[in-house]
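Spelled out from the first residue to the last, the chains are:
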Amino acid sequence: MKLKQNIHITNILVFVLLIAAMWGMTSCSTSKNTFPNRVYHNVTCKYNVLWNGQQAMKAAETELAKLSKDNYTTILPVYYYPAKSDLGAALPQLDRTIEKSSKAIYKHSMLFKGKQYVKTIDDAYLIMGKSYFYKQDYPQAQRVFTYITHNFPQANTYNEAAVMLARTAMRQNFFASADEQLENLHYLATNKKNKKFNVLFNAAKAEYHLTAPDGDRQEAIDYLNNAIDAHPKREFKARLNLILGQLYEQMNQQAEAQKRFQQVIKKSSNYEMVFSAQMHLASNYDGTPSARNAIMRQFKKMLDEVKNEDFKDQIYYACSEIARVDGNDTLRKNYLAKSVAASTNNYYQRTFSSLTLADLYFEENEYRKAQAYYDTAALSIPKNYPDYDLVIQKSRVLKDLVNKLDEIDLQDSLQRIAKMSDSQRKAWVQKMIANYTEAERKAAAEEAERMLALQNASSYTNINTTSSNGKWYFYNQQLVTSGQQDFYRRWGSRKLEDNWFVSNKQQLSFDDMALMNDPSLATDTTEYDENGNPIPKRETDPKKEAYYLQDLPLTPGAIDSSNAIIAKNLYEAGYIYRDLLHDIPRACASFESLIQRFPKSEYTLPSIYLLYTLYQGVDQSKSDHYKNLILTQYGDTDYAKLINDPHYYERLAEREKTLERQYESLYAQFNNKQWAAVVRAADEAIPQCTDPVLKSKYTYLRTVAAGQVYNEDTLIRGLQYIISEFPTTEVADLARTYLSIFDAQKIAALNQTATADATNPNTALVQEDDKKNNAASTASKAQNQTPTNPFNYNGSEMHYVILLVTTSNIPVQTVKQNLASFNQTYFSLQRFNVNSFYVNNTQQMVTIAKFNDAEQAMNYYNILVKNEMFSSDINNKTIIPYAISAVNYTTFYNNTEGRVFYDDFFKEHYLQN
């Protein structure tokens, strides 16, 4: 045996020496088609560069397999595709594969007269194309696979490249192209000897029929069976069997479905897949009492098994399906709630159970309960979940509705308590404090009992990290259990969170401790509202009376404010019922409650008009009632004119368009600093505006222009009026920001001396036209500081990624070193320019350049923010990352006042997209 090894080694050495000699004679040129050159480049390519690339590909595929997290609540896809933002761990190996395959092609390709003399060059192209495919860079993958099919039609790689080309087309939703490509390969599938190709081809055809709009489920079943007959690898075969079982089950072919699920249980080593197959088998329920009892006994047994702790959510969901077949909705909802509560790490199941339960409550118009479960689903839903955007939208709509209903209930409760006598109110407060104190006492007693029970538990002995059989600590269940007992005995039950060992989560900063040592260091922390008035500090201790009394409307003015809040929320809730939930009865009830409770509210007239339209064709007598109410009591309003003149709306819209055109002209005058002309034109336009948004814009331009014409006091009053009159508009945010540049004490003093005319600056300014022309220069400075959003979105232009670094917390050089390591690891094939400079006294901006468009920049951004070198600094705002276009980059650098807008701009145009 030893002699044979020596001979083998000797042969290898001779072969290597021969190759070395040939290399010395020919200088390993690829430009000369000689025998020594061909031998050298074939051997070196296959056993050196290409081999390294293939090893990198295997490592990448191993990392990709770890990312697999299948959604067993729906029919599995033939292949799992992780979210692109989750590819970080596999990217270094995929880039290495591309680098090595490119090197193999560049250094060793010998192409003469259309013929390739290095036999493994096509293999290099194949792993390059697959790397781009796994990176989800489908246009690049398509180019490589197309090149292989055109230039290597006789190579062994042709078949796989052709199938991968079809799969690449499917991933880009080019289904017609994918179908054509696969049909061209159909004749090759008749050769049963080529098992690898038959698996790839039939799996791709099945994938097409499961994903294409014109896909056929029966065709998918046929191709899946063909793929299984070609003997794929064990785990892939189990996956195909599970998909077949799911399809057969969906088509009510229970016998075939059971056969496939049994194959999964028998062959697969993936417990999650096996468990899913077991659940499908157990759920094969025919509605008979005997079958129900047998299945429920099996489910109970599975719930009691420790190994199924992470699968209880699926078991409870299966129980809910039994209840669904039985028509027991109450029991079904109970099991679904248990499924949601039992979920640990299966986000698909938690989302699916939450949505199923939320939909049930939604169909019953139980919006509060529906919102709670939609909200749960929204917190756990994976980005690649079906109808992701629809789920998020419905969750937001219901959350908005429930917030408004809660606000109505809160204000009603506060008014009820405010109407109590002093003695009744005091007794109520004392009762609330007593209830809180008793609940606190019970919680402390339960904690003490739990601690005592744990102390009386089995004694804790010294624990080694290994047991007698050499197992590591966490693989030894007895040691783990003993360790848990000691933990509970010492700490009790603690939630898994940061600073879990701290009972009182109130934290002291270094500044707090400094103040404790030297109270003279204290500064004024009083907060002021936009009018410059101090905001009273809120009581936060539930054991003090002020905690319960601070929000009660005890004055007529406070009651009016509370009623305004109720009216506003009734109106907006009615709109949500009508427009977003299409629940007409509840919309009508909300509007009718508003007009009955608040007949003089600003929302009363629009509510009456909406009731007139909602009841048309449903209850004509009520519709006529509200119509007559408008015509008799609100005859001069636009609503009455709209009822009398069906074309009034068109004329109104035309008037609004005219005002919009006039606004553009007015804005040009504003930019040209024609302040007096702006004031006069705005005074003519504002009374004609019915659109509050357009009216707010006119008012803002007039306010700033009037501030230039008159003085700073006029400007301040105008900004306050905008905030009060148009609180939810964009110009109100501008007004708040603009107002913040003025001294708070000056604003407070101005408010104390303000006259009644100051509440409407548009009236006051007209009276001041001939008085105050001497202060234009003062207000001119404020005009130059007017902040507006200067950024515009264009995803197709060149982009950068920037990091705003707080240099007092981390040296910028450290950030740049980390970036160099990050780029080398995850983007080794790309070359970035990294530079930095100060943007203010505390921050430097690090720029990573450049990216072709927003998508490439966001791919980089998504991987960077999840990387452990940066994530902690990003979470605590030491580093603030953005993707930014080249144009906006220049704006960000030059427009220091406008920078405050970029965070919201980035969230809206980049993160939400």
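Keep in mind that what you see is a predicted model, and the values were worked out from it rather than measured. (Residues numbered from 1 in each chain as written. Predicted model: local features only at pLDDT ≥ 70, side-chain atom pairs only at ≥ 80, totals over all residues. Heavy atoms only, no water.)

A. Representation of the overall build of the protein chain in the model. The helix and strand inventory of the protein chain stands at 40 helices and six strands. Looking at the protein chain residue by residue over its 913 residues, the buried ones come to 42%. Here the contacts in the protein chain between residues at least 6 apart in sequence split such that 62% fall between residues at least 24 apart. Put simply, the protein chain shows about 51000 Å² of open surface, and 50% of that area lies on carbon and sulfur atoms. (Helix = DSSP H or I, 4+ residues; strand = E, 2+ residues; numbered from the N terminus. Buried < 20%, exposed > 50% of the residue type's maximum accessible area, 1.4 Å probe, protein only. Contact = heavy atoms within 4.5 Å. Areas by Shrake-Rupley, 256 points an atom, 1.4 Å probe, with all protein chains shown as cover.)

B. Representation of the packing of aromatic side chains. One pass over the full model with this rule turns up 50 aromatic pairs. The interplanar angle of 80° and the centroid separation of 5.2 Å between the aromatic rings of Y793 and Y910 together place this pair among those described as edge-to-face. With Y793 in the loop between α35 (776–784) and β3 (799–806) and Y910 in helix α40 (residues 902–911), this residue pair connects regions lying 117 residues apart in the sequence. Assessed through its relative accessible area of 37%, Y793 is described here as partly exposed. On the basis of an interplanar angle of 75° and a centroid distance of 5.2 Å, the ring pair of Y882 and F906 is categorised as edge-to-face. Taken together, the residues span a long stretch of sequence, with Y882 in strand β6 (residues 879–885) and F906 in helix α40 at a distance of 24 residues. You'll find Y882 and F906 in the same group, each marked buried. Directly above the ring of Y79 sits R167, whose terminal nitrogen or CZ lies 3.6 Å from the centroid. Over the aromatic face of F362 sits the side chain of K394, whose NZ or CZ is 4.8 Å from the ring centroid. (Phe/Tyr/Trp six-rings, centres within 6.5 Å; stacked < 30°, edge-to-face > 60°. Lys NZ or Arg CZ within 6 Å of the ring centre and 35° of its normal.)

C. Structural detail: the sheet that holds strand β5 (residues 843–851). Across the sheet, four strands lie side by side as β4-β5-β3-β6; this open sheet has antiparallel pairing. Of all the strands in the sheet, just β4 (833–838) and β6 have a single pairing partner and so form its edges. Strand-to-strand twist in this sheet, taken as the mean axis angle between neighbours without regard to direction, amounts to 20°. Relative to β6, β3 runs antiparallel, the two sharing seven bridges. Bridge pairing in β6 places V801 opposite A883. Contacts between helix α39 (residues 886–894) and the sheet are confined to β3, β4, β5 and β6, with β6 contributing the most and set at about 125° to the helix. (Pairing = 2+ DSSP bridges. Axes fitted to C-alpha atoms, helices over the stretch in contact; angles between N-to-C directions.)

D. Inspection of the nonpolar core at higher detail. Y698, Y700, L803, L819, Y860 and Y902 are the most contacted members of the largest nonpolar core, which totals 81 residues. No other element matches the eight residues that helix α30 (residues 692–709) contributes to this core. Excluding residues within four positions of it along the chain, Y902 makes contact with F791, Y882, A883, I884, F892 and Y910. Judged by nonpolar contacts, the second largest core, of 71 residues, contains V78, M110, I121 and V144. (Core = buried A, V, L, I, M, F, W, Y, C linked by side-chain atoms within 4.5 Å.)

E. Main features of the packing of helix α37 (residues 854–866) against α40. Packing of α37 against α40 leaves a shortest axis separation of 12 Å and a crossing angle of 105°. On the basis of the axis angle, α37 is roughly perpendicular to α40. The segment α37 lies against α40, with A854, M858 and Y861 engaging F906, Y910 and L911. Per-class residue counts for the contact of α37 with α40 are six nonpolar, no polar and no charged. (Parallel < 35°, antiparallel > 145°, perpendicular 65-115°, else oblique. Nonpolar A, V, L, I, M, F, W, Y, C, P; charged D, E, K, R; others polar.)

F. Spatial organisation of the pairing of β4. Pairing between β4 and β5: six bridges, direction antiparallel. Across the sheet, the residue bridging to Y838 is Q844, located in β5. Following β4, the chain reverses through four residues before pairing antiparallel with β5.

G. Summary view of the packing of helix α4 (residues 121–134) against helix α5 (residues 138–151). Packing of α4 against α5 leaves a shortest axis separation of 8 Å and a crossing angle of 160°. Judged on the interaxial angle alone, α5 and α4 are roughly antiparallel. α4 and α5 meet at a crossing whose hand is left-handed. Along its contact with α4, which presents D122, Y125, L126, M128, G129, K130, Y132 and F133, the element α5 presents Y138, Q140, A141, V144, F145, Y147 and I148. (Left-handed = near helix turned anticlockwise from the far one by under 90°.)

H. Inspection of the pattern of salt bridges at higher detail. In total, this model carries 33 salt bridges according to the counting rule given. With a closest N to O distance of 3.2 Å, R425 and D422 form a salt bridge. Remark: D422 and R425 occur in helix α19 (residues 422–455); sequence separation between them is three residues, near one turn of the helix. Of the residues examined, R425 reaches a relative accessible area of 12% and is grouped as buried. Residues joined by salt bridges that share partners form a network here, namely D400, K404, K568 and E572. (Salt bridge = Lys/Arg side-chain N within 4 Å of Asp/Glu carboxyl O.)

I. Molecular detail of unusual backbone geometry. The residue after A849, namely K850, is reached through a cis peptide bond having omega 0°. With respect to the element layout, K850 can be found in strand β5. With a phi close to 65°, Q136 is a non-glycine residue in the positive phi region. Structurally, the position occupied by Q136 is in the loop between α4 and α5. Phi is positive for K877, which is not a glycine, with a value near 70°. Structurally, K877 can be placed in the loop between α38 (868–875) and β6.

J. Broad picture of the side chain of N159. By secondary structure assignment, the location of N159 is in helix α6 (residues 158–171). Beyond its immediate sequence surroundings of up to four residues, N159 is in contact with L188, N194 and F197.

K. Broad picture of the side chain of Q349. If you trace the backbone, Q349 turns up in helix α16 (residues 347–363). Excluding anything up to four places from it in sequence, Q349 contacts T73, D313, Q314, Y317 and S339.

L. Up close: the environment of E855. As for its position among the elements, E855 is in helix α37. Note: C-alpha distance between E855 and H799 (56 residues apart in sequence) is 9.1 Å.

M. A look at the confidence of the model for the protein chain. Looking at the protein chain, the pLDDT average stands at 81 and 83% of residues meet or exceed 70. Here α35 is the element of the protein chain with the lowest mean pLDDT, 37, and β6 is the one with the highest, 94. Confidence drops under a pLDDT of 50 for residues 458–463, and excluding neighbours within four residues, the segment shows ten contacts in the predicted structure. Contacts for the low-pLDDT stretch residues 502–510, under 50 throughout, to residues beyond four places or in other chains number ten contacts. (pLDDT = per-residue confidence, 0-100.)

N. Summary view of the environment of Y626. Note on placement: Y626 falls in helix α26 (residues 620–633). Linking Y626 and T613, residues 13 residues apart in sequence, is a C-alpha distance of 9.0 Å. Excluding residues within four positions of it along the chain, Y626 makes contact with E592, I595, I608, L611, Y612 and Y615. Looking at Y626, its side chain comes within polar contact range of the side chain of E592, at 3.2 Å. (Polar contact = N/O pair within 3.5 Å; in protein donor to acceptor, adjacent residues only side chain to side chain.)

O. Spatial organisation of helix α13 (residues 289–304). Relative to the 22 Å expected for 16 residues at 1.5 Å per residue, α13 spans 23 Å between its end C-alpha atoms, a close match to the ideal helical length. Taken as a whole, α13 has its buried residues at A291, I295, F299, M302 and L303. Buried residues in α13, looked at end-on, bunch into an arc of 105°, giving them a common side. Of the exposed residues in α13, the ones pointing more than 90 degrees away from its buried face are P289, S290, R297, K300, K301 and D304. (Expected span 1.5 Å × (residues − 1). Arc of directions from axis to C-beta.)

P. Structural detail: the pairing of β3. Of all the eight residues making up β3, eight are buried; the element is thus mostly covered by neighbouring parts of the structure. Here β3 shows a buried face lined by H799, V801, L803 and V805 and a second buried face lined by Y800, I802, L804 and T806. The pairing of β3 with β5 spans eight bridges and is antiparallel. The residue bridging L803 from the neighbouring strand is V846, located in β5.

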